[in-house]
Amino acid sequence: MDIFLYIVLALLAALAICDLFVGVSNDAVNFLNSAVGSRTAPFWVILAVASAGVLLGATFSSGMMEIAKTGVFVPEMLTFKEVMVIFCAVIVTDVLLLNTFNSLGLPTSTTVSIVFELLGGTLAVACWKIWTSGAPMTELGQYVNSGKALAMIMGILVSVIVAFFSGLVVQYVLRLIFTFQYQRIYRWLGGLYGAASLTAILYFLVMKGARGASFMQIEWIEWMDANTEAILTGVFAFWFVVLQAAILLLRANIFPFIILAGTFALAFAFAGNDLVNFVGVPVAALDSFNILAATPGADPAEMTMSGLREVTHTPTLILAFSGIVMCLTLWFSKKAHRVIRTSVNLSSATRGGKEQFGSSLPARIMVRSALRTNEVIHQIIPRSVFAAIDTRFVKPRPKPGETELPFDELRASVNLVLAATLIASATAMKLPLSTTYVTFMVAMGSSLSDRAWDRESAVYRISGVLTVITGWFLTAFTAATACGFVATLMSLWGQPVILIGMLTALAVIVKTNFLTKGEPEEIIETTRQIDRGDQESICELLTTNVNVYVHRTLTDFAEGLEAFLHEDSEALVRYKADAISLMDEISERRSAYYSMALQGGGKKRDRDARNFYYRAFTSMKEVSHSLRDQLGVAENYVANSHSPFTGKMRENAILLAKDIQQVRDDFTPQACTRILEHLDEAQQSFLVQIGDEHISLRKSELYLGFLLFARELLNRFMMVKLLQTELEAETAKTAAALAEGRRGGGSNGASSQSA
């Protein structure tokens with residue numbers, strides 16, 4: 001039994017470390033997005049500030065560990081063996097569930113999952129204990145800390161609503177005061193705003209959050225409680241004088257300082273509130289083991305865990321080590337950096353970008369209702385009032401060639417400071433919150449009040465809010481049910497199932513997060529080239545991407561046609577999915593044209609290159625769209641077991657697949673012309689065959705659809721290749737002219753010197 005316990009504790013520790021790495025990689029965007037998006041400081045500076053916040057916040061999270069120990073179940077009612085079953089079931093379910101949700105692209109929350117997994121595991125073990133002992137099921141309520149569990153559940157749900165409306169109201173009021181031209185107004189009010197922000201950070205993070213720190217003394221806490229007003233007044237006065245003097249005397253921009261302070265605060269709050277999600281269960285298991293070991297000869301199946309209520313502080317060494325793992329993840333995780341870049345791109349206010357969420361019927365209804373309500377309000381309130389308000393929301397137009405930021409420094413500071421104070425407040429009350437949901441909803445509320453939701457994007461943003469709320473319920477139900485099932489299996493079959501489950505969870509988390517290839521770096525390089533928007537970078541981009549997308553499209557079509565001829569429906573499903581992915585990628589690449597157009601600037605050759613770019617990607621998008629539809633029709637045809645091609649139809653289809661594969665490997669106008677001639681012959685022969693064999697309408701349409709798509713594919717790709725060739729020639733001509741100009745300038749300079 002002792003060896004088994006040591007193995008279980010070691011596996012719990014390994015899973016906690018892996019979970020920390022994965023969790024921070026996914027959640028780092030929560031506290032870095034605003035600082036990176038507003039470009040307030042170099043990336044390494046932002047990382048350094050966030051790392052300091054994470055490391056200190058981890059040491060303040062000791063009080064939150066009680067959630068895993070006594071927050072959901074009643075330890076006096078459960079034995080050591082039973083609580084270990086709950087902890088093992090929770091960690092196994094948590095790893096498998098979060099990986100499944102991430103793979104499916106569904107919204108999830110580590111906080112929601114851990115709370116409801118504890119609840120589901122506790123109920124399952126309690127039901128098993130009651131059933132085996134023959135006790136009445138009415139005793140089930142004695143095993144669950146219903147008051148605390150309900151407070152945590154309601155706190156998580158209410159925090160989503162509070163975060164949204166807090167961001168909405170605070171940002172609206174501040175925007176009315178500062179406007180988008182805040183550089184002038186903040187000269188007189190900036191010190192007041194900065195002092196209020198920094199005082200709020202100090203109050204909620206240190207004075208409230210300090211109660212849970214592992215190193216805090218009772219005397220220190222009592223002193224802060226007795227002198228709260230004096231401390232806050234002094235802090236506010238100090239920062240007001242310092243910041244206002246910096247503005248008036250040095251003409252300093254204090255917003256970067258506030259944003260970095262907010263980044264530190266939000267990272268601090270994230271570590272303080274979310275660390276329990278990753279290491280809370282292993283720490284609770286370790287405390288349970290220590291309680292058992294302190295009583296020699298105790299029976300694990302009989303000794304209750306009432307001692308968990310007496311364990312109040314987690315060792316600082318464990319918390320500090322967890323903070324170090326989180327900091328290392330921030331600096332060295334490519335996945336974390338990629339998620340940050342993606343989130344910033346999705347937050348961009350420029351039109352034509354890919355939305356993070358699709359539209360939904362409830363969102364459409366809400367948008368229409370809001371538009372009608374807006375019309376009614378405009379009929380009641382005088383136009384002069386709205387005109388006055390509108391003047392406060394006029395955005396400055398970016399200069400030609402200047403990239404528009406996703407959001408300005410005022411909104412970035414609101415997102416950070418407000419989210420940090422909300423999370424820190426919950427941490428002080430020992431209530432877990434979803435930092436992902438809170439930061440997302442604050443950002444959604446502030447963007448709505450900032451009029452970042454217009455008729456082009458409102459339905460998608462509302463869908464995002466509804467998706468987050470729906471994801472809350474989905475995560476809660478799935479976590480509780482899955483953990484209950486796993487805990488039942490572990491209670492039924494004991495040690496073998498526990499070991500198999502934990503080893504499986506460890507293998508899954510290592511394979512999916514450390515052994516799989518991430519997003520290729522070419523995508524990052526593509527974004528950088530698009531940001532430049534000049535002829536040379538666009539030419540380089542077309543040369544790279546056209547070849548890749550032409551090859552993928554021809555491959556999917558040729559192999560999809562072969563799969564159809566072999567009536568392989570599973571292969572057709574794969575090729576259709578790849579065609580959908582291809583269409584999404586090309587659409588996202590094409591949308592970069594709008595960013596380049598909004599930036600403006602550049603010489604005529606640069607604008608011409610952008611036009612080449614748009615035409616080429618539009619043609620490839622149309623081909624990918626048709627490919628998706630054609631493979632979808634073929635997949636349905638095979639799935640419905642309709643009759644296959646026969647005779648000359650089948651021979652021509654086989655020949656077409658081979659021709660497409662050949663032209664894929666050597667794409668030339670001559671090869672395309674030859675295939676187009678074959679298509680004419682295939683269509684002529686089909687007119688003879690359809691009369692002789694009375695081929696059905698469904699089969700005829702599918703066959704002609706293949707021929708028509710092949711013709712469209714070749715014609716459009718020949719045009720794309722022509723555009724690529726022309727742009728390469730123009731780029732080479734430009735480079736030659738520039739080189740000649742440099743040589744001429746050097747010769748003139750040399751002649752002048754000799755003269």
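Residues numbered from 1 in each chain as written. Predicted model: local features only at pLDDT ≥ 70, side-chain atom pairs only at ≥ 80, totals over all residues. Heavy atoms only, no water.

1. Points about the overall build of the chain
Item 1. Scanning the chain from terminus to terminus reveals 25 helices and zero strands.
Item 2. Here the chain holds 755 residues, and 48% of them are scored as buried.
Item 3. In the chain, 85% of the contacts between residues at least 6 apart in sequence involve partners at least 24 apart.
Item 4. For the chain, the accessible surface area stands at approximately 35000 Å², while carbon and sulfur atoms represent 63% of it. (Helix = DSSP H or I, 4+ residues; strand = E, 2+ residues; numbered from the N terminus. Buried < 20%, exposed > 50% of the residue type's maximum accessible area, 1.4 Å probe, protein only. Contact = heavy atoms within 4.5 Å. Areas by Shrake-Rupley, 256 points an atom, 1.4 Å probe, with all protein chains shown as cover.)

2. Considerations on the packing of aromatic side chains
Item 1. This model, assessed by the stated rule, comprises 21 aromatic pairs.
Item 2. A network of ring pairs unites the aromatic residues Phe-557, Phe-564, Tyr-637, Phe-645, Phe-686, Tyr-703, Phe-706 and Phe-709 as a single cluster.
Item 3. Sitting over the ring of Trp-188, Arg-187 keeps its end group 5.5 Å from the ring centre. (Phe/Tyr/Trp six-rings, centres within 6.5 Å; stacked < 30°, edge-to-face > 60°. Lys NZ or Arg CZ within 6 Å of the ring centre and 35° of its normal.)

3. Re the side chain of Ser-159
Item 1. Mapped onto the secondary structure, Ser-159 falls in helix α6 (residues 146-178).
Item 2. For Ser-159, a relative accessible area of 10% gives the class buried.
Item 3. Setting aside residues no more than four positions away along its own chain, Ser-159 makes contact with Leu-433 and Val-438.

4. Thoughts on the packing of helix α10 (residues 255-293) against helix α11 (residues 316-332)
Item 1. Following both chains from N to C, one finds α10 and α11 inclined at 125°, their axes separated by 11 Å at the closest point. Considered as vectors, α10 and α11 are oriented oblique to each other. As α10 runs across α11, the sense of the crossing is right-handed. Residues Phe-270, Ala-271, Leu-275, Val-279, Val-283 and Leu-286 of α10 lie in contact with α11, whose contacting residues are Ile-318, Leu-319, Ser-322 and Met-326.
Item 2. The residue makeup of the contact of α10 with α11, split by class, is nine nonpolar, one polar and no charged. (Axes fitted to C-alpha atoms, helices over the stretch in contact; angles between N-to-C directions. Parallel < 35°, antiparallel > 145°, perpendicular 65-115°, else oblique. Left-handed = near helix turned anticlockwise from the far one by under 90°. Nonpolar A, V, L, I, M, F, W, Y, C, P; charged D, E, K, R; others polar.)

5. Some points on the pattern of salt bridges
Item 1. In the structure shown here, the tally under the stated rule is 14 salt bridges.
Item 2. One salt bridge connects Asp-578 with Arg-552, and the closest N-O pair in it is separated by 3.4 Å. Here Asp-578, found in helix α21 (residues 569-599), pairs with Arg-552, found in helix α20 (residues 535-565); they are 26 residues apart in sequence, far enough to count as distant.
Item 3. Residue class for Asp-578 comes out partly exposed when judged on its relative accessible area of 27%.
Item 4. A relative accessible area of 21% places Arg-552 in the partly exposed class. (Salt bridge = Lys/Arg side-chain N within 4 Å of Asp/Glu carboxyl O.)

6. A short note on the confidence of the model for the chain
Item 1. Averaged over every residue, the pLDDT of the chain is 81; residues scoring 70 or more account for 86%.
Item 2. This model gives residues 750-755 a pLDDT under 50, and the stretch forms zero contacts once residues within four places in sequence are excluded. (pLDDT = per-residue confidence, 0-100.)

7. Some thoughts on the environment of Ala-298
Item 1. Inspection of the secondary structure puts Ala-298 in the loop between α10 and α11.
Item 2. For Ala-298, the contacting residues outside a window of four places in its chain are Leu-292 and Met-303.

8. Focus: the environment of Leu-243
Item 1. Within the secondary structure layout, Leu-243 lies in helix α9 (residues 228-250).
Item 2. As a C-alpha pair, Leu-243 and Tyr-193 span 50 residues in sequence and 9.5 Å in three-dimensional space.
Item 3. Contacts of Leu-243, omitting those with residues within four sequence positions, involve Gly-191, Gly-194, Ala-195, Leu-198, Ile-254 and Phe-257.

9. As for the packing of helix α5 (residues 110-133) against α10
Item 1. α10 packs onto α5 with a crossing angle of 45° between their chain directions and a minimal axis gap of 8 Å. The orientation of α5 relative to α10 falls into the category oblique. Along this stretch, α5 crosses α10, giving a crossing that reads as left-handed. Two secondary-structure elements touch here, α5 through Thr-110, Thr-111 and Ile-114 and α10 through Asp-274, Asn-277, Phe-278 and Val-281.

10. So, α11
Item 1. The terminal C-alpha atoms of α11 lie 24 Å apart, and with 17 residues this matches the ideal 24 Å at 1.5 Å per residue to within 8%.
Item 2. The complete set of buried residues in α11 reads Leu-319, Ser-322, Gly-323, Val-325, Met-326, Cys-327, Thr-329 and Leu-330. (Expected span 1.5 Å × (residues − 1).)

11. Quick word on the nonpolar core
Item 1. With 143 residues, the main nonpolar core has Phe-31 and Met-502 as its most contacted residues.
Item 2. Here this core takes 22 residues from α10, the largest share from any one element.
Item 3. Setting aside chain neighbours within four positions, we find Phe-31 in contact with Ala-50, Val-54, Thr-263, Leu-266, Ala-267, Phe-270, Leu-330 and Leu-416.
Item 4. Grouped together as the second largest cluster of nonpolar side chains are 62 residues, Leu-541, Leu-565, Met-596 and Leu-676 included. (Core = buried A, V, L, I, M, F, W, Y, C linked by side-chain atoms within 4.5 Å.)

12. Some words on helix α2 (residues 43-59)
Each α-helix turn comprises 3.6 residues. Residues three or four places apart therefore point the same way.
Item 1. With 17 residues, α2 extends 25 Å between its outermost C-alpha atoms, agreeing within 8% with the 24 Å of an ideal straight helix rising 1.5 Å per residue.
Item 2. Taken together, the buried positions of α2 are occupied by Val-45, Ile-46, Leu-47, Val-49, Ala-50, Ser-51, Gly-53, Val-54, Gly-57, Ala-58 and Thr-59.

13. Section: the side chain of Lys-699
Item 1. Mapped onto the elements, Lys-699 comes out in helix α25 (residues 697-754).
Item 2. Dropping the residues within four chain positions of it, Lys-699 is found in contact with Tyr-637, Ser-643, Pro-644, Phe-645 and Met-649.

14. Let's talk about a nonpolar patch on the surface
Item 1. A cluster of nonpolar residues, Val-169, Val-173, Ile-177, Trp-188, Leu-189, Leu-192, Phe-240, Val-241, Leu-248, Leu-249 and Leu-250, forms a patch on the protein surface that exposes about 1000 Å² of accessible area.
Item 2. At five residues, α9 tops the list of elements feeding residues into the nonpolar patch.
Item 3. Of note, Leu-250 is situated in helix α9. (Patch = residues over 30% accessible without salt bridge, like charges linked within 9 Å, V, L, I, M, F, W, Y side chains within 5 Å.)

15. Let's talk about unusual backbone geometry
Item 1. Positive phi, close to 55°, is recorded for Arg-251, a residue that is not glycine.
Item 2. With respect to the helices and strands, Arg-251 occurs in the loop between α9 and α10.

16. Notes on the environment of Leu-713
Item 1. If you trace the backbone, Leu-713 turns up in helix α25.
Item 2. When its relative accessible area of 0% is taken as the criterion, Leu-713 is described as buried.
Item 3. A C-alpha to C-alpha distance of 8.9 Å links Leu-713 and Thr-553, two positions 160 residues apart in sequence.
Item 4. Residues within four places of Leu-713 in sequence aside, it is in contact with Thr-553, Leu-554, Phe-557 and Val-623.

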